[in-house]
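Structural overview
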Amino acid sequence: MEDLPVQKSHRTPGRAAGSNPDVRFDQLHSAAVDDGWGTDDDIPVLRTEVTDEVARSVISRNTSPDLSFDRSINPYRGCEHGCIYCFARPSHAFLGLSPGLDFETKLIARSNAAEQLRKELSNSRYVPKILAIGTNTDPYQPIEKSREIMRDVLRVLSEFNHPVGIVTKGTLIERDIDILGPMAAKGLTRVGISITTLDPKTSRAMEPRVPLPAARLRTIRRLTDAGIPVRVMVSPVVPALTDHELEAILAAAKDAGAVAASSIVLRLPREVSGLFREWLEDCYPDRAARVMGRVRELHGGKDYDPQFGTRMVGQGAWAAMIRQRFKLATRKLGLESALPPLRTDLFARPAQRGDQLSLF
C-alpha cells in the first residue's frame, strides 16, 4: 500500500498547489491511495468554498522589528489568488485546514469586519497609527467583488479619517477609487501593487488567479491618475526564475506612474517550502535544483531562515547583488525616495447617537 500513489479527490485547474499537506497540529493522518481503477475524468473539479466568520476583533497587532506597521486587518482568511509562494499559507493550519489547496479554496469571510472595526476605533483609549491591509491575504481577491467587506472597511476608515496602507495584486481596487481618492488627498492612504514578473505565462503558473501583470500596470496608472500614491512591490524575487526581470518591472511600473518601490526575496516558511518545491518540479523541472540552490544560499543553507532583519532581504553574495541592482535601478528611475508618512492628526471619532454635544 505504501508504494501506491495518492488518489486524487479533485481536478484542480487554475490552482497553484498540487496537494494538501497534513495540518501540522493534527496527530492522525490519512490518505486515499490510487488502486488504478479510477480516472481523472471521474473526479469533480475543486471549487471555492466560503464560510462566514463573526469576528470578535479585527485589528491584529505585531511587534516585529522589521515591519513598518504594528497593526493590520485581514478581511479574509485564505486567498483564492493561490500564489504558490505565499508566506501566509501556514496560517491556515490554525483553522484546522491545510496550507495547500485548502488555503486557495476554503476561504473565511469576516463579514462583520467593518462593524467590529467601528467599535474598536470608537474606543476612547484607541490611539491611531497606520493600519496595514493586505499584508497577509489579499483584500481584493475575487470574492471581494460580491462580498464588499473591504469596501465597507474603507468606508469606516474614511469616516474616522484613519490612515491606511493597502497591499494588493487585485485590480478590483479600482472600484474603490471613489473612497481612496479623497482619503489620499488628505494624506490618509497609499497603495502597494505587487508585481512578481512581467511574463504572463510565468505569472499564470505562479499566481493562477491573480490579474495578469499588464492589468496590474494599468491599475497603477488609474490609481495615480486619481491622486493615490502607488509603490510598486517587486515581491517576491524568485532566484533563477524572475530575478532577471527586476529592472524591467521597476521601469514598467515607473512608466505606469509608481512613485516608490520596494523588494522582498522569496521566503518559504513551514509548509510553503514543500509546496513550492512540488510546484517547481511540476512546472520548471529543468531549473528546480538551481532555484532551490539559490534559495538556500539566501537563507543560510536552509529553505527558510525566519531571523528578523534578514528574512526578507536574504544573506550572502547573491542577496547583496540583488540589493545593489535594486538600489541602482530605483535611483536611476527616481523611485528611491520613501513615501511621506500618512497623517494621524486628522483622526476623529464621528458623533454617535446619544453623545453629549460640545458647547464650542
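The structure we're discussing is the one just above.
Keep in mind the model is a prediction, meaning the values are calculated, not measured.

It is worth spelling out the sheet that holds strand S7 (residues 164-168) at this point. Spatial ordering of the open sheet is given by S2-S3-S6-S7-S8-S9-S10, a layout of 7 strands whose pairing is mixed. Each having just a single partner strand, strand S2 (60-61) and strand S10 (260-265) make up the two edges of the open sheet. Helix H8 (residues 246-256) rests against strand S9 (230-237) and S10 of the sheet, and its axis sits at about 160° to S9. Of the strands in this sheet, S9 and S10 touch helix H11 (residues 317-333), which is tilted by about 170° from S10.

Below, the discussion takes up the side chain of Thr242. One can find Thr242 in the loop between S9 and H8. Sequence-distant contacts of Thr242, defined by excluding residues within four places in its chain, comprise Thr196, Thr197, Thr202, Met206, Pro236 and Val237.

Turning next to the pairing of strand S5 (residues 106-109). Pairing between strand S1 (residues 49-52) and S5: 4 bridges, direction parallel. Bridge pairing in S5 places Val50 opposite Leu107. Where strand S4 (residues 76-77) lies against S5, 2 bridges are found, and the strand directions are antiparallel. The residue of S5 that forms the bridge with Arg77 is Ile108.

On to the pattern of salt bridges, then. Applying the stated criterion to the full structure yields 24 salt bridges. The closest approach of N and O atoms between Arg151 and Asp178, which form a salt bridge, is 2.7 Å. With Arg151 in helix H4 (residues 149-159) and Asp178 in helix H5 (residues 177-185), this pair connects stretches of sequence that are 27 residues apart. Given the relative accessible area of 12%, Arg151 is considered buried. Judged by relative accessible area, which is 47%, Asp178 ranks as partly exposed. Linked by salt bridges that have partners in common, Glu144, Arg151, Arg175, Asp176 and Asp178 make up one network.

If you look at the biggest cluster of nonpolar residues, it comprises 60 residues, and the most contacted ones within it are Leu117, Leu154, Leu157, Ile166, Ile220 and Leu250. Apart from the residues lying within four places of it in its own chain, the contact partners of Leu250 are Val232, Val234, Ala261, Phe326, Ala329, Thr330, Leu333 and Leu335. Among the nonpolar cores identified, the runner-up in size contains 28 residues, and Tyr85, Met206, Val210 and Leu275 belong to it.

Here 3 strands make up an open sheet; going across it, the order is S1-S5-S4 and the pairing mixed. The strands lining the two open edges of the sheet, one partner per strand, are S1 and S4.

The next subject is the packing of helix H9 (residues 271-283) against helix H10 (residues 288-298). When two helices pack together, their arrangement is given by the angle between their axes and by how far apart the axes lie. Interhelical geometry of H9 versus H10 gives an angle of 150° and a closest axis separation of 9 Å. When the axis of H9 is compared with that of H10, the two are roughly antiparallel. From H9, Phe276, Arg277, Leu280 and Glu281 reach across to H10, where they touch Ala288, Val291, Met292 and Arg296. Taken together, the residues of the contact of H9 with H10 break down into 5 nonpolar, no polar and 3 charged.

With that settled, consider unusual backbone geometry. Each neighbour pair has its own omega, and for Ser235 with Pro236 the value is -10°, a cis peptide bond. Looking at where Pro236 falls in the secondary structure, it is placed in strand S9. Phi is positive for Asn161, which is not a glycine, with a value near 55°. Tracing the backbone through its elements, the reader meets Asn161 in the loop between H4 and S7. Its identity as a non-glycine residue notwithstanding, Ala240 has a phi of 65°, on the positive side. With respect to the helices and strands, the residue Ala240 is situated in the loop between S9 and H8. The exposure class of Ala240 is buried, given its relative accessible area of 15%.

Before going further, it helps to spend a moment on H9. Because the α-helix completes a turn every 3.6 residues, residues three or four places apart line up on one side. Compared with the 18 Å implied by 1.5 Å per residue over 13 residues, the 18 Å span of H9 between its first and last C-alpha is a close match. Those residues of H9 that sit buried are Glu271, Val272, Ser273, Leu275, Phe276, Trp279 and Leu280. Check the buried side of H9 and you find it contacts helix H6 (200-206) and H10.

What counts as what
- Residues numbered from 1 in each chain as written.
- Predicted model: local features only at pLDDT ≥ 70, side-chain atom pairs only at ≥ 80, totals over all residues.
- Heavy atoms only, no water.
- Pairing = 2+ DSSP bridges.
- Helix = DSSP H or I, 4+ residues; strand = E, 2+ residues; numbered from the N terminus.
- Contact = heavy atoms within 4.5 Å.
- Axes fitted to C-alpha atoms, helices over the stretch in contact; angles between N-to-C directions.
- Salt bridge = Lys/Arg side-chain N within 4 Å of Asp/Glu carboxyl O.
- Buried < 20%, exposed > 50% of the residue type's maximum accessible area, 1.4 Å probe, protein only.
- Core = buried A, V, L, I, M, F, W, Y, C linked by side-chain atoms within 4.5 Å.
- Parallel < 35°, antiparallel > 145°, perpendicular 65-115°, else oblique.
- Nonpolar A, V, L, I, M, F, W, Y, C, P; charged D, E, K, R; others polar.
- Expected span 1.5 Å × (residues − 1).

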